[in-house]
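# Examination of the molecular architecture
Here is what each chain is made of, one letter per residue.
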Amino acid sequence: MFNEYTWRDAMYPLVSKWFDEDYAKNTNIIEQVIDVDDMDRYEKKNAGAGGVGEIPDYDGTNLTELARKKGFIASYIGQEKAGIYRVGFKAAKFDMSGEAKKAGQVLSNGLYMTVLMNFYRMFGNGFNPGFVGPDSKSLFATDHPLNSTDAATFSNKGTSAFSISAITTTQTAARRFETYDGLPFQCKYDLILVSPELEPKAREFFGSDAKLIPESAENGANPVRDMKYFVIDGFNAKQWAAGDSRLLKMYMHLYYGTRPKVIDQKGANPLIAEYIPYTDFVLGWDDPRIIYGHDPS
(Lines give C-alpha, C1' and ligand atoms only; values in the text may rest on other atoms or scores of the structure.)
Protein backbone atom coordinates (compact mmCIF):
# COMPACT_ATOMS: atom_id res chain seq x y z
CA MET A 1 0.00 0.00 0.00
CA PHE A 2 1.20 3.52 -0.82
CA ASN A 3 2.24 5.01 2.50
CA GLU A 4 2.72 8.71 3.19
CA TYR A 5 5.65 7.94 5.51
CA THR A 6 7.61 5.47 3.35
CA TRP A 7 6.85 6.54 -0.23
CA ARG A 8 9.91 8.80 -0.41
CA ASP A 9 12.21 5.91 0.49
CA ALA A 10 10.67 3.84 -2.27
CA MET A 11 10.83 6.60 -4.88
CA TYR A 12 14.43 7.76 -4.52
CA PRO A 13 16.03 4.55 -5.91
CA LEU A 14 13.81 4.94 -9.00
CA VAL A 15 14.82 8.59 -9.46
CA SER A 16 18.48 7.69 -9.03
CA LYS A 17 18.17 4.80 -11.51
CA TRP A 18 16.59 7.00 -14.17
CA PHE A 19 19.13 9.73 -13.52
CA ASP A 20 22.08 7.37 -13.99
CA GLU A 21 20.62 5.69 -17.09
CA ASP A 22 19.75 8.98 -18.76
CA TYR A 23 23.11 10.57 -18.00
CA ALA A 24 24.94 7.55 -19.44
CA LYS A 25 23.01 7.94 -22.71
CA ASN A 26 24.34 11.45 -23.21
CA THR A 27 27.41 11.11 -25.36
CA ASN A 28 30.10 13.02 -23.55
CA ILE A 29 31.24 15.10 -26.51
CA ILE A 30 33.55 17.10 -24.28
CA GLU A 31 35.92 14.12 -24.06
CA GLN A 32 36.32 14.26 -27.83
CA VAL A 33 38.19 17.55 -27.50
CA ILE A 34 39.77 18.01 -24.05
CA ASP A 35 40.90 16.09 -20.98
CA VAL A 36 38.16 15.06 -18.51
CA ASP A 37 39.34 13.90 -15.11
CA ASP A 38 38.59 13.91 -11.38
CA MET A 39 40.29 16.19 -8.87
CA ASP A 40 42.03 14.56 -5.92
CA ARG A 41 42.39 17.78 -3.91
CA TYR A 42 40.57 21.06 -3.27
CA GLU A 43 42.87 23.01 -5.61
CA LYS A 44 44.80 21.50 -8.50
CA LYS A 45 47.80 23.24 -10.08
CA ASN A 46 49.37 22.51 -13.46
CA ALA A 47 52.34 23.95 -15.33
CA GLY A 48 52.46 24.78 -19.03
CA ALA A 49 54.85 23.20 -21.53
CA GLY A 50 58.55 23.86 -20.93
CA GLY A 51 61.51 23.10 -18.70
CA VAL A 52 65.25 23.70 -18.73
CA GLY A 53 65.83 24.10 -22.48
CA GLU A 54 68.42 22.10 -24.40
CA ILE A 55 70.90 20.08 -22.34
CA PRO A 56 74.45 21.41 -22.89
CA ASP A 57 77.56 19.46 -23.90
CA TYR A 58 79.40 17.57 -21.18
CA ASP A 59 83.21 17.64 -21.16
CA GLY A 60 83.59 14.61 -18.92
CA THR A 61 84.31 16.62 -15.79
CA ASN A 62 82.23 19.76 -15.37
CA LEU A 63 78.46 19.80 -15.18
CA THR A 64 76.57 22.88 -16.26
CA GLU A 65 73.89 23.95 -13.82
CA LEU A 66 70.49 23.97 -15.48
CA ALA A 67 68.29 27.02 -14.92
CA ARG A 68 64.57 26.55 -15.37
CA LYS A 69 62.78 29.57 -16.74
CA LYS A 70 59.66 30.31 -14.81
CA GLY A 71 56.46 29.48 -16.62
CA PHE A 72 52.86 30.03 -15.58
CA ILE A 73 50.90 27.87 -13.16
CA ALA A 74 47.25 27.16 -13.87
CA SER A 75 45.10 26.87 -10.74
CA TYR A 76 41.85 24.89 -10.74
CA ILE A 77 39.18 25.15 -8.04
CA GLY A 78 35.80 23.57 -8.73
CA GLN A 79 32.53 25.51 -8.74
CA GLU A 80 29.57 23.80 -7.11
CA LYS A 81 26.22 23.63 -8.91
CA ALA A 82 23.05 22.64 -7.07
CA GLY A 83 19.31 23.25 -6.87
CA ILE A 84 16.22 21.56 -5.50
CA TYR A 85 13.43 19.67 -7.30
CA ARG A 86 10.22 18.71 -5.50
CA VAL A 87 7.65 15.99 -6.11
CA GLY A 88 4.40 15.98 -4.19
CA PHE A 89 2.75 13.02 -2.46
CA LYS A 90 -0.37 13.17 -4.62
CA ALA A 91 1.49 13.16 -7.94
CA ALA A 92 3.66 10.24 -6.82
CA LYS A 93 0.70 8.30 -5.43
CA PHE A 94 -1.06 8.13 -8.79
CA ASP A 95 2.09 7.68 -10.93
CA MET A 96 5.23 7.01 -8.90
CA SER A 97 7.08 5.41 -11.80
CA GLY A 98 6.25 8.29 -14.16
CA GLU A 99 7.17 10.97 -11.64
CA ALA A 100 10.43 9.21 -10.79
CA LYS A 101 11.36 8.90 -14.45
CA LYS A 102 10.54 12.54 -15.09
CA ALA A 103 12.57 13.71 -12.10
CA GLY A 104 15.59 11.57 -12.98
CA GLN A 105 15.64 12.61 -16.62
CA VAL A 106 15.00 16.32 -16.00
CA LEU A 107 17.74 16.55 -13.40
CA SER A 108 20.16 14.51 -15.48
CA ASN A 109 19.65 16.73 -18.51
CA GLY A 110 19.95 19.87 -16.40
CA LEU A 111 23.35 18.89 -15.04
CA TYR A 112 24.60 17.58 -18.37
CA MET A 113 23.69 20.79 -20.17
CA THR A 114 25.19 22.88 -17.36
CA VAL A 115 28.58 21.25 -17.89
CA LEU A 116 28.27 21.34 -21.69
CA MET A 117 27.30 25.03 -21.81
CA ASN A 118 30.28 25.93 -19.63
CA PHE A 119 32.50 23.98 -22.03
CA TYR A 120 31.13 25.97 -24.98
CA ARG A 121 31.49 29.25 -23.08
CA MET A 122 35.17 28.57 -22.40
CA PHE A 123 35.78 28.85 -26.14
CA GLY A 124 33.17 31.54 -26.73
CA ASN A 125 34.84 33.71 -24.07
CA GLY A 126 38.24 32.99 -25.59
CA PHE A 127 38.22 36.39 -27.27
CA ASN A 128 36.97 38.20 -24.16
CA PRO A 129 39.76 39.89 -22.15
CA GLY A 130 37.59 39.59 -19.05
CA PHE A 131 38.09 35.79 -18.99
CA VAL A 132 41.76 34.99 -18.45
CA GLY A 133 44.03 31.99 -18.01
CA PRO A 134 47.23 31.40 -16.03
CA ASP A 135 49.18 34.13 -17.90
CA SER A 136 46.43 36.71 -17.16
CA LYS A 137 45.43 36.79 -20.84
CA SER A 138 42.34 35.47 -22.57
CA LEU A 139 42.60 32.12 -24.33
CA PHE A 140 43.09 33.91 -27.67
CA ALA A 141 45.34 36.96 -27.40
CA THR A 142 47.96 38.79 -29.46
CA ASP A 143 50.25 39.41 -26.48
CA HIS A 144 50.65 36.21 -24.48
CA PRO A 145 53.90 36.45 -22.48
CA LEU A 146 56.34 33.71 -23.46
CA ASN A 147 57.20 33.17 -19.79
CA SER A 148 56.97 35.05 -16.51
CA THR A 149 60.46 36.59 -16.65
CA ASP A 150 61.16 37.67 -20.24
CA ALA A 151 59.47 40.46 -22.18
CA ALA A 152 58.88 38.28 -25.26
CA THR A 153 55.29 37.62 -26.32
CA PHE A 154 53.45 35.53 -28.88
CA SER A 155 50.04 35.65 -30.55
CA ASN A 156 47.45 32.92 -30.98
CA LYS A 157 44.72 35.28 -32.17
CA GLY A 158 43.91 36.28 -35.74
CA THR A 159 41.18 37.91 -37.79
CA SER A 160 41.12 35.67 -40.87
CA ALA A 161 37.85 34.44 -42.32
CA PHE A 162 37.45 30.67 -42.36
CA SER A 163 39.17 29.32 -45.45
CA ILE A 164 41.67 26.65 -46.46
CA SER A 165 44.42 29.23 -46.96
CA ALA A 166 43.73 30.67 -43.47
CA ILE A 167 43.96 27.19 -41.96
CA THR A 168 47.33 26.43 -43.56
CA THR A 169 48.69 29.87 -42.60
CA THR A 170 47.62 29.24 -39.00
CA GLN A 171 49.28 25.82 -39.03
CA THR A 172 52.53 27.42 -40.17
CA ALA A 173 52.33 30.08 -37.46
CA ALA A 174 51.89 27.39 -34.81
CA ARG A 175 55.07 25.62 -35.88
CA ARG A 176 56.98 28.74 -34.82
CA PHE A 177 55.66 28.66 -31.26
CA GLU A 178 58.21 28.13 -28.50
CA THR A 179 57.84 26.68 -25.01
CA TYR A 180 58.53 29.05 -22.14
CA ASP A 181 62.16 27.82 -22.03
CA GLY A 182 62.68 28.64 -25.70
CA LEU A 183 62.36 25.25 -27.41
CA PRO A 184 60.05 24.52 -30.36
CA PHE A 185 56.56 23.82 -29.04
CA GLN A 186 56.11 20.83 -31.35
CA CYS A 187 52.42 21.27 -32.05
CA LYS A 188 50.50 20.23 -35.12
CA TYR A 189 47.10 21.75 -35.65
CA ASP A 190 44.93 18.89 -36.88
CA LEU A 191 41.53 19.85 -35.41
CA ILE A 192 39.28 22.72 -36.45
CA LEU A 193 36.64 24.21 -34.13
CA VAL A 194 33.87 26.09 -35.92
CA SER A 195 30.64 27.91 -35.17
CA PRO A 196 27.37 26.22 -36.18
CA GLU A 197 27.13 28.67 -39.10
CA LEU A 198 30.53 27.54 -40.43
CA GLU A 199 29.77 23.83 -40.20
CA PRO A 200 28.52 23.51 -43.82
CA LYS A 201 31.80 24.96 -45.07
CA ALA A 202 33.75 22.66 -42.75
CA ARG A 203 31.98 19.69 -44.34
CA GLU A 204 33.20 20.93 -47.73
CA PHE A 205 36.79 21.26 -46.53
CA PHE A 206 37.28 17.99 -44.63
CA GLY A 207 36.63 14.33 -45.31
CA SER A 208 37.22 11.72 -47.98
CA ASP A 209 35.09 13.61 -50.50
CA ALA A 210 37.11 16.84 -50.11
CA LYS A 211 40.13 15.90 -52.19
CA LEU A 212 40.02 19.13 -54.18
CA ILE A 213 39.85 22.69 -52.90
CA PRO A 214 36.20 23.74 -53.28
CA GLU A 215 37.19 27.44 -53.22
CA SER A 216 39.68 27.10 -56.07
CA ALA A 217 38.74 27.72 -59.70
CA GLU A 218 41.69 25.49 -60.61
CA ASN A 219 40.43 22.68 -58.33
CA GLY A 220 43.83 22.26 -56.70
CA ALA A 221 44.61 19.48 -54.24
CA ASN A 222 43.12 20.09 -50.79
CA PRO A 223 45.95 20.13 -48.18
CA VAL A 224 43.62 19.98 -45.16
CA ARG A 225 41.18 17.26 -46.18
CA ASP A 226 42.44 14.85 -43.48
CA MET A 227 41.66 17.24 -40.62
CA LYS A 228 38.73 16.78 -38.27
CA TYR A 229 36.28 19.44 -37.14
CA PHE A 230 34.11 20.05 -34.09
CA VAL A 231 31.21 22.47 -33.70
CA ILE A 232 31.39 24.97 -30.81
CA ASP A 233 28.02 26.52 -30.00
CA GLY A 234 29.77 29.23 -27.97
CA PHE A 235 31.41 30.82 -31.04
CA ASN A 236 29.66 33.61 -32.90
CA ALA A 237 28.83 33.08 -36.57
CA LYS A 238 32.30 33.91 -37.93
CA GLN A 239 34.61 32.68 -35.17
CA TRP A 240 36.73 29.56 -35.57
CA ALA A 241 39.93 28.03 -34.19
CA ALA A 242 42.59 25.47 -35.03
CA GLY A 243 44.16 23.24 -32.40
CA ASP A 244 46.37 20.26 -31.74
CA SER A 245 44.07 17.37 -30.76
CA ARG A 246 46.82 15.61 -28.77
CA LEU A 247 47.86 18.71 -26.83
CA LEU A 248 44.30 19.81 -26.18
CA LYS A 249 43.84 16.60 -24.19
CA MET A 250 47.06 17.30 -22.30
CA TYR A 251 46.70 20.99 -21.48
CA MET A 252 42.97 21.82 -21.53
CA HIS A 253 40.81 20.28 -18.82
CA LEU A 254 37.41 19.63 -17.34
CA TYR A 255 38.06 18.64 -13.74
CA TYR A 256 35.31 17.21 -11.54
CA GLY A 257 35.39 17.61 -7.79
CA THR A 258 32.16 15.57 -7.80
CA ARG A 259 30.62 14.02 -10.90
CA PRO A 260 26.95 14.87 -11.58
CA LYS A 261 24.58 13.09 -9.18
CA VAL A 262 21.16 13.42 -7.57
CA ILE A 263 20.93 13.55 -3.78
CA ASP A 264 17.87 12.64 -1.71
CA GLN A 265 16.94 15.55 0.53
CA LYS A 266 15.26 14.26 3.67
CA GLY A 267 12.90 17.17 4.21
CA ALA A 268 10.64 17.64 7.22
CA ASN A 269 7.39 17.46 5.24
CA PRO A 270 6.49 13.79 4.61
CA LEU A 271 4.22 14.85 1.72
CA ILE A 272 7.04 16.32 -0.38
CA ALA A 273 10.05 14.50 -1.84
CA GLU A 274 13.04 16.75 -2.48
CA TYR A 275 15.97 15.98 -4.79
CA ILE A 276 19.18 17.97 -5.18
CA PRO A 277 21.02 17.82 -8.52
CA TYR A 278 24.67 18.41 -7.70
CA THR A 279 28.05 18.63 -9.34
CA ASP A 280 31.36 20.39 -8.71
CA PHE A 281 33.63 21.14 -11.68
CA VAL A 282 36.01 23.59 -13.32
CA LEU A 283 37.22 24.15 -16.89
CA GLY A 284 40.43 25.79 -18.06
CA TRP A 285 43.76 25.50 -19.83
CA ASP A 286 47.41 25.25 -18.81
CA ASP A 287 48.95 26.58 -22.04
CA PRO A 288 47.33 28.68 -24.82
CA ARG A 289 49.74 27.53 -27.56
CA ILE A 290 47.61 24.42 -28.06
CA ILE A 291 45.01 26.44 -29.99
CA TYR A 292 44.78 29.47 -32.30
CA GLY A 293 41.54 31.44 -32.65
CA HIS A 294 40.21 33.74 -35.39
CA ASP A 295 37.54 36.38 -35.04
CA PRO A 296 36.91 38.13 -38.38
CA SER A 297 33.85 40.03 -37.11
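Here, every reference points to the structure presented above.
Since the structure is predicted, the reported quantities are computational estimates derived from the model, not experimental observations.

The rules behind these values
Residues numbered from 1 in each chain as written. Predicted model: local features only at pLDDT ≥ 70, side-chain atom pairs only at ≥ 80, totals over all residues. Heavy atoms only, no water. Helix = DSSP H or I, 4+ residues; strand = E, 2+ residues; numbered from the N terminus. Contact = heavy atoms within 4.5 Å. Salt bridge = Lys/Arg side-chain N within 4 Å of Asp/Glu carboxyl O. Pairing = 2+ DSSP bridges. Axes fitted to C-alpha atoms, helices over the stretch in contact; angles between N-to-C directions.

## What to know about the environment of A241
- Mapped onto the fold, A241 is located in strand β11 (residues 240-243).
- Separated by 156 residues in the primary sequence, A241 and Y85 have C-alpha atoms spaced 39 Å apart.
- Once residues lying within four places of it in the same chain are set aside, the contact partners of A241 are F140, L191, I192, L193, F235, I291, Y292 and G293.

## Thoughts on the pattern of salt bridges
- Inspection of the entire model under this criterion finds 10 salt bridges.
- Here R86 ties to E274 by a salt bridge, and the two come within 3.0 Å at their closest N and O atoms. Here R86, found in strand β5 (residues 85-88), pairs with E274, found in strand β13 (residues 272-285); they are 188 residues apart in sequence, far enough to count as distant.
- A single network of salt bridges, built from pairs that share partners, joins D9, D264 and K266.

## A few points about the sheet that holds β11
- Here we have 5 strands laid out as an open sheet, ordered β8-β14-β11-β9-β10, and mixed in their pairing. One side of each edge strand has no neighbouring strand; the edge strands of this open sheet are β8 (157-158) and β10 (228-231).
- Judged from the 4 bridges that link them, strand β9 (residues 191-194) and β10 form a sheet pairing that is parallel. Within β10, the residue paired with V194 across the bridge is V231.
- Strands β9, β11 and β14 (291-294) of the sheet are contacted by helix α4 (residues 164-174), whose axis makes an angle of about 45° with β11.

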